[in-house]
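Structural overview
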Amino acid sequence: MSVDVATQQEHDWMTRAIELATTSVHNGGGPFGAVIVRDGEIVATGNNRVTADLDPTAHAEVVAIRNACRELDAFSLAGCMLVTSCEPCPMCLASAMWARVERVLFAADRDDAAAAGFDDRAFYDAMVDPAQNPTAIARVEIHNRNEAFDAWRNKTDRVDY
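Residues numbered from 1 in each chain as written. Predicted model: local features only at pLDDT ≥ 70, side-chain atom pairs only at ≥ 80, totals over all residues. Heavy atoms only, no water.

Below, the discussion takes up the UniProt feature "domain: CMP/dCMP-type deaminase" (unreviewed entry) in the chain. Mapped onto this numbering, the UniProt entry gives "domain: CMP/dCMP-type deaminase" (unreviewed entry) at residues 8-119. Between the C-alpha atoms that bound residues 8-119 the distance is 31 Å, and the span itself is 46% helix and 23% strand. (UniProt positions renumbered as here; feature names shortened; annotations may be inferred. Helix = DSSP H or I, 4+ residues; strand = E, 2+ residues; numbered from the N terminus.)

Now the structure itself:
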């Protein structure tokens, strides 16, 4: 992971992400904010809504991705950049990858987040060593385990993603 010297425009986007994070705190949310940028313009924003929505997946980055997809009427954010106030957790980074975001910029890092009480190191560790995963995972052997995949392969009007 590299540390970039931000352009003035990137600095402005980061300032907006941090403003969203700070406003989120003042409104009872978590201290995270994010913007999605395409062609030099902010197309969507998001702030942490975990407690407000009772949704553990409503991290600022995921909220911004959802809002951008609705705004752009697309499930792919190819050509977009995610600018976020803090280093994305593994879920948020995976969400950005699934959305085909081309670049991610962040300000605070995982250690800064941990110092504030948001310690995601167990999740980062689980990505490197699955044996460290705090959630038990097991495969169940069942005869029709590929039934949905077979239906997908046979669907002639599917939308690949």
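Here we take up helix α1 (residues 8-26). Look at α1: 27 Å from first C-alpha to last across 19 residues, which is about the 27 Å you get at 1.5 Å a residue. On its buried face, α1 sits against β1 (33-38), β2 (41-47), β3 (80-86) and β4 (103-108). (Expected span 1.5 Å × (residues − 1). Contact = heavy atoms within 4.5 Å.)

For the rest of this paragraph, the subject is unusual backbone geometry. Positive phi outside glycine occurs at Asp 73, with the angle close to 55 degrees. Mapped onto the fold, Asp 73 is located in the loop between α3 (60-72) and β3. Not every positive phi belongs to a glycine, and Arg 100 is a case in point at roughly 70 degrees. Topologically, Arg 100 is positioned in the loop between α4 (90-98) and β4.

Turning to a nonpolar patch on the surface, a few remarks are in order. A cluster of nonpolar residues, Phe 75, Trp 98, Trp 152, Val 159 and Tyr 161, forms a patch on the protein surface that exposes about 650 Å² of accessible area. Among the structural elements, Trp 152 can be located in helix α7 (residues 147-154). (Patch = residues over 30% accessible without salt bridge, like charges linked within 9 Å, V, L, I, M, F, W, Y side chains within 5 Å. Areas by Shrake-Rupley, 256 points an atom, 1.4 Å probe, with all protein chains shown as cover. Salt bridge = Lys/Arg side-chain N within 4 Å of Asp/Glu carboxyl O.)

It is worth spelling out the side chain of Ser 85 at this point. Along the chain, Ser 85 turns up in strand β3. In this structure Ser 85 comes out as buried when scored by relative accessible area, which is 7%. Beyond its immediate chain neighbours, meaning those up to four positions away, Ser 85 contacts Met 14, Ala 17, Ile 18, Ala 21, Pro 31, Phe 32, Gly 33, Ala 107 and Ala 108. (Buried < 20%, exposed > 50% of the residue type's maximum accessible area, 1.4 Å probe, protein only.)

Our focus in this paragraph is the sheet that holds β3. Reading across the sheet, the four strands line up as β2-β1-β3-β4 and stay open at both edges, with mixed pairing between neighbours. The open sheet has two free edges, formed respectively by β2 and β4, since each of these has just one partner strand. Adjacent strand axes in the sheet meet at a mean angle of 20 degrees, parallel and antiparallel pairs treated alike. Pairing of β1 with β3 involves five bridges; the strand directions are antiparallel. Along β3, the bridge assignment pairs Arg 38 with Cys 80. Each of β1, β2 and β3 is contacted by α3, which is oriented at about 135 degrees to β2, the strand it contacts most. (Pairing = 2+ DSSP bridges. Axes fitted to C-alpha atoms, helices over the stretch in contact; angles between N-to-C directions.)

With that out of the way, let us pick up the side chain of Asn 48. Along the chain, Asn 48 turns up in the loop between β2 and α2 (50-53). At 3.3 Å, the side chain of Asn 48 forms a polar contact with the backbone nitrogen of Val 50. Ignoring sequence-local partners within four residues, the contact set of Asn 48 consists of Ser 24, Gly 29, Gly 30, Phe 32, Ala 58, His 59 and Ala 60. (Polar contact = N/O pair within 3.5 Å; in protein donor to acceptor, adjacent residues only side chain to side chain.)

Spanning 13 residues, α3 covers 18 Å between terminal C-alpha atoms, matching the ideal 18 Å at 1.5 Å per step. Among the residues of α3, Ala 60, Glu 61, Val 62, Val 63, Ala 64, Ile 65, Ala 68 and Cys 69 are the ones counted as buried. Elements in contact with the buried residues of α3: β1, β2, β3 and α4.

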